[in-house]
Each structure stands twice: as C-alpha cells, then as structure tokens.
Amino acid sequence: MILSLDESQALAPELVIVAGIILAIIVPNLGDSRVRLPLTSVRVPILWGGRRFELTSDPRAPGVLSATALAIACLLSGSAIESADGMSISGVIQVTGFSRFMSMIFTAALAITAIASIYRIPSTRFTPEDMVDPDDSIESSLMDNRRQVDLHLLLLMVALGMSLMALSSDLFFLIVCLELASMASYVLVGFHKETEVGGEAGAKYFIVGSIASATGIYGMSLLYIWSGSLDFDSLAESWSSMGELDPLAGIGVGLMLVAFGFKVSAAPFHLAAPDAYSGTNAPIAGMLATASKAMGFVAMMRVLVGFAGPNDGVIAWGLALAILAVITMTWGNLAALSSENPKRMLAYSSVAHAGYMLAALAALGSGLADSDTQDMLQMAIVFHLAVLVLFKLGAFLVLTLIEIEGGGNKISDLHGLARRDPIIATSMFVFMLSLAGIPPLSGFLSKFLMINGLITTTSGTGALDADGVIPWLQSVDPFFLLAIAIVLNSALSLFYYLRIGLVMFFEKPGSDSPLPPALGLRALVFVSMILTVLFGIGPASQWLLALLETAIASF
Amino acid sequence: MTFTDPLSIITLVPLLSGLALLILPNILPQHISQRMQSSVRNVAIGLSTAIFALTTLIFLGSIGQIDWLSIGMGSFVLETEDPVWLIESIGVTWHLGADALSFPMIWLTTLLIPISMLVQWDVERSHRFHALLLVMEGALVGVFVSLDLFVFYVFWELTLVPMFFLIMIWGGEDRKYASMKFFIYTFTASVLMLVGILVMYFNTADSMFSGSLTGHHFNLVEMTEQARIGGLIASEGLRHLVWLLLLIGFATKMPSVPVHTWLPDAHVQAPTAGSMLLAGVMLKMGAYGFLRVAVAIFPESTLTFVPLLVFLGMASLVYGAVVCLGQTNLKRMVAYSSVSHMGLIFLGIATMQPIGFAGALFMMFAHGIISPLLFAVAGSFKHHYHTLEIGSMRGIAHHSPFLAGHMMLGWMGSLGLPLLAGFVAEVAIMIAFWMTFGWWVLLPAITLIFTALYYLTSMQKIIFESNDPHQGILPDTLHGEDPRDVTWHENVGMFILGALTILFGIMPFIFWDMMSVWSTEFIETYLIHAMNALEAMP
C-alpha cells in the first residue's frame, strides 16, 4: 500500500522518524567496499561494508541522527496542529490536531532523551593516535558504534509507536502501537547492562508490563466480542445504544484500564516503576516519567472519554477512577517522603502526579461536567502532560549530569550542588518548586487548572445556606473531595521537594570538582528552566493554552 | 506602556537589578566579574537611594498630583487601569495601586533598604549581600503595591527567599536552625493562607478581570467590592474558615503569640541589615494583609472574632513584655519587644474605632522606624563589643558615646516617650481601647509600664552604671582591647532613623492625617454595615 501525497504530507512526522530508523541502520554500515564486475577487472564501489568511512562510523553519529530526526518530527507535528483536518487514513489512523499535539509532546520528550543519552552513554571516537593495534581499535570503535545505534534505534521506535498511537482511530491499532513503544522501552530500561540493577530493572519492568498488556489485550478481546468492531466510532455507537451497562463491556474497559494504569504508573500497578526508574539511567527514566506516562494517559482518554465517555450514556468508571486517584497520589507522596534515592523519589513523585491527573480524569466520568468543563478538564490534563516534559524531564537531566560523574543514586550526591554549579542547582530548584506546584511556575498553572476543573464540575452541588463547613461538605458532591485531596497531597509533597533544594544549597559538597562540561545537556537544562517559568506566567502560557484549545476541540 | 508606571518601577527595578547582580558574576569572565564584585554595593545603594527619592516624590505629589486625603475608599493612587494580563487563562493581572494603608509601608521599605545597606556596609561577600537586599526591596514593595491576590501571594513568598539566605549565610552560630525554623513556620502558614485565597478565588463572580478558562479572578479590588455588595462567600461557616486560614497566615508573619517562636531565633541569628528589615517591614506585612484582605473582605467574621483578636493581642503584649523583663540577650529583648508591639496593633484593630485603626496604622509605621534603630544599635554593639549579653558590660556611655546616644533614643522611642513617634500610636490605641472596652484599658496600659521597666533597667545597666574606666566592667569578649565607637556609616544610618523618630513624634500629622481619613472611611465603608447586621441579630 502506498500513501498518496496528501496522506504522506499528513504523516510527515512519522515518515521522518521512519527515515531516521532506516538511516540509523544504513549509515554506520557505509564503507569503501567494492565489487568486481564479473569478467572484468573493474571494481565498482557499492558503499556497503568494508572499511567504514570515518564520518559515518563515528560513534556519535547515531545520536546526532536520532536527535535531529526527532527534533524535525517535533517541529513538523507542532506546525501541523492547527492545520490538521481529521484526515482518515486506511481506517485506522485519523490525523487530528489533538493527535498532532500529543506527537509533538512525545517527540519533544524523546528528542531531549536522545540528546541526553549522547552524553550519558559515552561514545569513544576512534582516532589514529589510539591505534596501538589498528584492528583492535577499529573493532572496538565499531562495537561502540553498534551500541549507540541500538540505543537510538530503540528511542526512534518508541517515538514511532507513541506517535502512531496518538493517531490511531482503532482500538486494535492503538494497542499494537502501544506495544511497539512498550517493547522498545522495556529494552531501553535494561539497556545499561553493565550494572546489576540495570538488568534486574529491565526484567522486572518487562514482566510486569507484559502481564499488564496481556490483561489489556484480553479486555480488548471482550470488547470485540461485545461490539463486533474495534473502531472507535462504532464502539461509541454500541456504547451509547447500550441501555444499562453490559458486563462484557464493563469488564473489557476495566481490564484495559489495568494495561493503561501500568503505563501511567497508577497505584496499585505502579510497583515496578520505582525499581525501573532507579535501575535505569536518568534520561530513560525521564522518558518513562514523561513520554511514556503521556502515552498511557492518551490511551486512557481515547478509551474512557473517546467511547465510554460522559456523553455516551452509561458511565461506569468515574467513582472507581476517583478512588484509584486518591490512593495513587497519597501512596506516591508517602513513599517519596522516605526515599533516599533521588531517582526513586522522582519515580514516586511521578506516581503522585499520575494521581492528580487521574483525579481530573475521574471528574470527567462523574457525569456532572458540561461540555465546556469537560474540555477544560482535558486541557488541564494534557497541559500538565506537556509541561511535565519541561520540569520532570529537566530534573532527570540534572541527574544525568550527576550520573555522568558516577553518582546519582543517593541524595547525598546532590549535596552542595549550589556551590559546585549555581546555575544547575538553581534550575533543579525551579524544577522541584514546579513539581510541588508553587506559583507562578507552570507546575502551579497545570495543577490549578485541574483543581479548577474539579471545582467547576461540582460547583452546583454544595448547599449555599449550610451554616457550617461540615454540613456544607456533606451536601457537596464527593468528587469535590478530589480537589481537597490534591491540595493536601501537594502540601505533603512540599517536604520532599524542598528537601532537595535544602541539601543542594546548604550541605557540604562531597567533592569540589566542577560538574562535567556537557554543554548540550546544560543548555537543555537551562532552556527547560526558562520555559518552566514562561509557560507558567505571561503570554507564552497563553499561547500554549490557545494551541491546546484548538487541539482539544478536535479530540 | 505597561510596566513603566512609578509603582511598577519601584517594584521591578530593584527586583530585576538585584537578580541581575546576583547572576552576572557567575556568567561573566573571571576578571570582569572580580572587578564588578567590589562595585556591586555602590550600585545597590545608589539604586535604592534613587528609588527612595522616587517614592518620596510620589508622596509629595510631584508625580501624579496626588491628594492623599481624598482618595476615596476602594480606589487607589496610581492604580493600573486596563487589565494587564499575566495569566489570562486563570485571571491573573498586573494590578498595582497604593493608598494610605500601603503607602507609608512602601515609603518605609524604600527608606530602610539604603539605611540597612549603610549600617552593614562592610560585610563579607558584599556583592551577594547587597544584591540580595535589592531583591528583598522589590519583593517587599511588591507585597504592598499589588492588588491582585496571586501576585500578592507570589511576592509574599518571594520575600522569604532573600531573608532565608541572609540568615542562613550571614547569620550567627545557630543560623541553620534559625533560618530553617523561620522558613518552615512562615511557609506553612502562607500555604494555609493560599488555600484560603483559592476558596475566595472560586467564589468570585464574572468581571473584566476574569480568566478566559476559569471565569474567576484574583483581583482584590473586585473581590472587596463583591464582598461589600453581596458577600463573597455565601456560606457563613466557610467564610469563617477562610478568615481563620488567612489569620493563620498573617498572624504568623506578624507574629502573634502562639506562633511567634520563630521570631526571636531569626532575629538573634540574622545579620543586622536582615534584622532591621525583618522587624521594620516584614512583620508589618502580616498586619497589612490582615487589614487589606481579611478585615476588608470578611467584616462579619472579623467582628465575630473580635474576642479572639483581643485575646491574641493581649497575649502577645503581655507575654512579650514579661519575657523581655527576664532577657539577658540584647537582640532577643528587642525581638520580644517587637512581639509586644505587634500585639498592640491587633488591639488597635480589635477596637473597631477609627482612631484605633489609625493608631494601629501609625504603630506599624512608627515601629518600622524605631525597631530598625534598635536592631542597628544591637548589631553595632555586637560588632564592637563582640557580645550581646546585657549584664556583661557597664557604662558604654563612657566608651562609645554615640552608640549610647542612639541606644537611648531608640529605647525611649520604643517605650513610648512623648514627642517620639511611638507615643502617638500608643496613645491613639489606648484611647480607642477605652472607647470600646472601657476600664479594661488598664490591662494594656499597665503592660506598657512593664515595657518602660525593662528598657529602663537595661539602660541603667548598660549605659550608665559605673562609667569609671578603672572600675567599669568590659566584656571578656573584648580580650582587653579598648572598645570603639560606631563607625561613620553606622552613625549616619542611625542618625537618620533617630531624626525620623523625633520628626514623626513632633509632626505625626505627616502620615497621621491620611491614615485617620483612611480609617474613618474604611470603617464606614466595610464595617458599619456588618456591625448593624450583627446588632440586628437576636
């Protein structure tokens, strides 16, 4: 099947990623090998194999290649948000503004991960001076190159899976794309095989993840039995024509929530996440906490809002999700309080943030929200997913810097960071404050929009003449309590976020040596910090929200 | 032009230039940044003096032709007119304005910053110290000028950061404990306050300031107006809850007993300039916010909780005074006297009389001049005698006549000697107290005698007793050296503060008139209605 010109234009970001994958395979293998034409003495260069060219076999080439491809894909997705017209391609893909917005987030997160990985997984360049034994160094250079190719191929695969997942208009295709991204990310988690925990983390993440996926696929098969089709439109039709909840459909959706719950690391499916985050290297952990989580939420929204949603008759999942949300955020925050490993702490904080977003999602299922409020809740969730890429991934980038010099697994590695590098420490502090939701940073704005959505949803329910707080609380809809839960949990989370700030500024550093130079990484951290502020206050935040509004309109 | 009005300038210029001065030495090449470091303090003091001159010009009416006595309640001087959006989606605007409640505080802030820089002119790593003071100035002025609760809250929290660093880096031996305690107390309290602000936010009606997504706004002027017309929050219980949340935030900052314990620690450990700003301006943020937000928007709750206010005020007044009697540490004594005086502010508000409000306002201002003088004196005592123990030293009048003179003037001002600034405020509050509570006025009046008592005994001990150099007692910490008098820059700073103490004692009407007009109108506009409603109830 060949794409038409319009279709390939609509799918340009994905095609760029595919091109990146193909190039990543071909480029390192280019060489000066020649083939002798039969019966002649003419040797024709075929550019494949033989002695590799110095430029193409540079171990840093795959990293640069993947980062470039992802960045281009990100820009293309971003520019297509407003022009996407909902074109349907072969019945499984629908190019909407919303899916383009999401693929922009995914590719942005992965581009940052790719750049950070260039610094994190060091590559040694083959230089003639090193040639003690020429064959040896060529060999090792080649191995190094291969390893880089593997890593960046996997990152591109993840990007392709996620991006297509956002585009899918069919549940089966959605699951396939989700699995493509998941499988690649399992390998990425275990990629750091030199360390013992790396392998363990990968195995654990893989086993738990595949069980969750299997459960989800089983749920999908139940949905297929019930509806006879997995296309979102026909699923929505079946759902709205269903008088009361069909157990088959209910169980199907419930089981799918298990698979997506694992992706967003919602309790109680989050148990593998802290081990995976702390076992793998920081850029990959950051990718799991941002892009992978966003993928889970998009899948969840596609199922819960897309066809089993508040406008389609029976809503069965609101209360269940609300309870799950409260458990998730509380568990995450309590566990993060006692974490001594910064990556583990960020993992639990990511669990807590999943809880906040689940709470907003639950409000969508309460059946109380009118369509404006529904849009607002969805905007809040997606806005949070978008700005998480800045400050969550940013925090992991700082940890990457510390990992490069060999630390990163103990909170004491952060001691006295301000004395060693004031700008990096300040950035880290801004990320922590934003995670905690301190105004005027973007973390506050997104959390505030979620709380606002929750309160608007339940605004008609409290008795206005109640003469006391307790009677008023009794008269208000229980979904209002979700807003209070978010506020209380945010207060709780302040302790561990501020602790990071304190140890950075006021403990004695373990060593006085400056942090590794890694200019590109530093630039990323700095830009993330600036954007964390700009997307919280001022015209930039307004711009992003306006863009998001067009995106949500086409959900 | 949006950010070029005078109030924006006195907020943003110190804030941004302070931040720039903090960041630049980290970025610029080594040799430039080293040359820059020595001139940072000159830039800082020049800039803050210019800001002070600008503020004074605003006061004198040269900018904007202001008549301070006829502003009218609910409108502000130099108020921002069109909404200048900061976050349009949730309704946050850059909305500034000043009135008789905030302007004396703004003037005081801009005055105290250059003076505290001058008093602590020679300090280690001065390029960071003086830049932090500039940041502090921007944040403090921002609290007083912003009429948008979101911006108000951001500035409120922002004041914590420079003060925290000032104590943590330039403080005394126990600085770590003190700064942590300071941060945790005030931060927790202000987070509770934020919850109260959010509840208010979600009850605001649609207006031109409303956010495009949420339909609510943070604008304080609109909120107050809405509260005056129809009540901001319908449920009475919720109103009381919000009022209490706000009270916790503001009372901790003031500070009032029982949430005052961070203050003595912070003061004793803080560097002199930090103490001066802490006592001079930061404590007043609590009283300012209480009047501006809690009293203006929830007058019924305020009237309902008047007994609580009287209790808090009396407790702070008496407790502060009694603790002072037993203090041997000079700075700790001054810190507790601040607690005591902040109690008087609560009492003044609790009277619900125009003269009581005006007295509280004037107390905020007078204490803002006198207590920095006291802390400057205590700091310079520590600097030259290397101790803060009251009993370790006798007869400094002989060794350091200037220091002794400033010390006496400050203490006299603080105990409320007639013709000094503190007296006006105390008398006004006492009169109002008598008008409302009758002979109960004896209770605070007798406590004021305690204030005189502890000041006079310490004065007797430190300044006068046995000034014979052969028999006088010098502290061991001097190690036999001869004590010195204050340095010239300390002297200049203290002279200015002392002169202002006398000036505002003789001519209180400079600020008193506008404060008294403001108080009368405030009570007429916001409180009379609530009082009548309460009286009408069975």
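Throughout, a residue's number is its position along its own chain's written sequence, starting from 1. To label them, take the chains in the order written and letter them from A, then take the ligands in the order written and number them from 1. Totals for whole chains, interfaces and linings use every residue, but because this is a predicted model, local features are given only for residues with pLDDT of at least 70 and side-chain atom pairs only at 80 or more, for both listing and counting. Values shown for side chains rest on all heavy atoms present in the structure; no hydrogens or waters enter the calculation.

### Brief notes about the overall build of chain A
So, step 1. Along chain A, the regular secondary structure elements total 21 helices and four strands.
So, step 2. Taking 24 Å as the expected radius of gyration for a compact globule of 555 residues, we find that chain A reaches 24 Å, a close match to that expectation.
So, step 3. On the principal axes, the C-alpha backbone points of chain A span a range of 95 × 65 × 45 Å.
So, step 4. Type-normalised accessible area, obtained with a 1.4 Å probe on protein chains alone, sets the label of each residue: buried when under 20%, exposed when over 50%, and partly exposed for intermediate values. Within the span of chain A, comprising 555 residues, buried residues form 59% of the whole.
So, step 5. Note on contacts: a residue pair is in contact if any heavy atoms of the two residues lie within 4.5 Å. Taking the contacts inside chain A whose residues are at least 6 apart along the sequence as the reference set, 78% of them involve residues at least 24 apart.
So, step 6. Method for areas: the Shrake-Rupley scheme with a 1.4 Å probe, in which residue coverage is limited to the protein chains shown. Roughly 20,700 Å² of accessible area belongs to chain A as shown, and the carbon and sulfur atoms make up 66% of that amount.
So, step 7. Charged side chains in chain A number 26 positive and 42 negative. The centres of these two groups are separated by 13 Å. For the purposes of this entry, the term helix denotes a DSSP run of H or I that reaches at least four residues, the term strand denotes a run of E that reaches at least two, and both are numbered from the N terminus. Computation of the radius of gyration draws on C-alpha atoms, with the globule rule given as 2.2 Å multiplied by the number of residues to the power 0.38. Working convention for charge: Lys and Arg count positive, Asp and Glu count negative, and His plus the chain ends are omitted. The atom standing in for a charge is NZ when the residue is Lys, CZ when it is Arg, CG when it is Asp and CD when it is Glu.

### Some words on the domain arrangement of chain A
Residues and elements named next belong to chain A.
So, step 1. By convention here, the domain bounds are inherited from an automatic or database domain assignment. As far as domains go, chain A holds domain 1 (1-87 + 100-168), domain 2 (170-311) and domain 3 (317-555).
So, step 2. Throughout, the accessible surface (probe 1.4 Å) given up by two parts as they are put together, summed over both, is called the buried area. Together domain 1 and domain 3 conceal approximately 1,400 Å² of surface at their shared face, both sides included; 85% is due to carbon and sulfur atoms.
So, step 3. When the buried area of domain 1 at its contact with domain 3 is split by residue, Phe101, Ile112 and Tyr119 rank highest and sum to 42% of it.
So, step 4. Criterion for a salt bridge: a side-chain nitrogen of Lys or Arg within 4 Å of a carboxyl oxygen of Asp or Glu. Seen at the junction of domain 1 and domain 3, the total is one salt bridge.
So, step 5. In this structure, Arg120 and Glu403 form a salt bridge, with 2.5 Å as the shortest nitrogen-oxygen distance.
So, step 6. Counting of polar contacts relies on pairs of N or O atoms within 3.5 Å, with two restrictions inside protein: one atom must be capable of donating a hydrogen and the other of accepting it, and residues adjacent in sequence are counted only when both atoms are side-chain atoms. The tally of links between domain 1 and domain 3 comes to two residue pairs in polar contact (both at pLDDT 80 or more).

### Here we look at the packing of aromatic side chains
All names here are of chain B.
So, step 1. Any two of the Phe, Tyr and Trp rings considered here, Trp counted by its six-membered ring, make a pair once their centres fall within 6.5 Å; the pair's planes then place it as stacked at under 30 degrees, edge-to-face at over 60, or tilted in between. With the rule as written, the count across this model stands at 55 aromatic pairs over all chains.
So, step 2. For the pair Phe59 and Phe511, a centre-to-centre distance of 5.0 Å together with 55 degrees between the ring planes defines the contact as tilted. One end of the pair, Phe59, is in helix 2 (residues 30-60); the other, Phe511, is in helix 21 (residues 509-536), with 452 residues separating them in the sequence.
So, step 3. Judged by relative accessible area, Phe511 falls into the buried class, the value being 1%.
So, step 4. For the ring pair Trp518 and Phe522, a centre distance of 4.6 Å and an interplane angle of 20 degrees mean the geometry is stacked. Of this pair, Trp518 and Phe522 both sit in helix 21, four residues apart, which is roughly one turn of that helix.
So, step 5. Members of the aromatic cluster, joined through ring pairs, are Phe52, Phe59, Phe103, Trp107, Phe362, Phe365, Phe504, Phe511 and Trp512.
So, step 6. Placement of a positive charge over a ring is assigned whenever Lys NZ or Arg CZ falls within 6 Å of the ring centre and within 35 degrees of the normal to the ring plane. Sitting above the plane of the Trp170 ring, Arg125 keeps its charged end 5.9 Å from the centroid.

### Thoughts on unusual backbone geometry
So, step 1. Cis geometry marks the peptide bond from Ala267 of chain A to Pro268 of chain A; its omega dihedral reads 0 degrees.
So, step 2. Mapped onto the elements of the fold, Pro268 of chain A is located in the loop between helix 9 (247-263) and helix 10 (272-279).
So, step 3. Of note, the bond from Val257 of chain B into Pro258 of chain B is cis; its omega dihedral lies within 30 degrees of zero at 10 degrees.
So, step 4. Non-glycine residue Leu78 of chain B carries a positive phi angle of around 55 degrees.
So, step 5. Positionally, Leu78 of chain B belongs in the loop between helix 2 and strand 1 (85-87).
So, step 6. Judged by its relative accessible area of 24%, Leu78 of chain B falls in the partly exposed class.
So, step 7. The phi angle at His386 of chain B is positive, at roughly 55 degrees, despite the residue not being glycine.
So, step 8. Residue placement: His386 of chain B occurs in the loop between helix 15 (354-385) and helix 16 (396-399).
So, step 9. Residue classification places His386 of chain B among the partly exposed positions, given a relative accessible area of 37%.

### A closer look at the packing of helix 3 (residues 103-119) of chain B against helix 4 (residues 126-145) of chain B
Residues and elements named next belong to chain B.
So, step 1. Axes, fitted as lines to C-alpha atoms, cover a helix only where it is in contact. Angles between the N-to-C directions of the axes lie from 0 to 180 degrees. Remark: helix 3 packs on helix 4, axes separated minimally by 9 Å, with the N-to-C direction vectors making an angle of 175 degrees. Judged by the angle between their axes, helix 3 and helix 4 are roughly antiparallel. Listed contacts from helix 4 to Met105, Ile106, Thr109, Thr110, Ile113, Ser116 and Met117 of helix 3 are His130, Leu133, Leu134, Glu137, Leu140, Val141, Phe144 and Val145.
So, step 2. Any residue outside Ala, Val, Leu, Ile, Met, Phe, Trp, Tyr, Cys, Pro, Asp, Glu, Lys and Arg is labelled polar, Gly included; the first ten of those are nonpolar and the last four are charged. Taken together, the residues of the contact of helix 3 with helix 4 sort by class into ten nonpolar, four polar and one charged. The scheme is simple: roughly parallel for angles under 35 degrees, roughly antiparallel for over 145, roughly perpendicular for 65 to 115, oblique for anything else.

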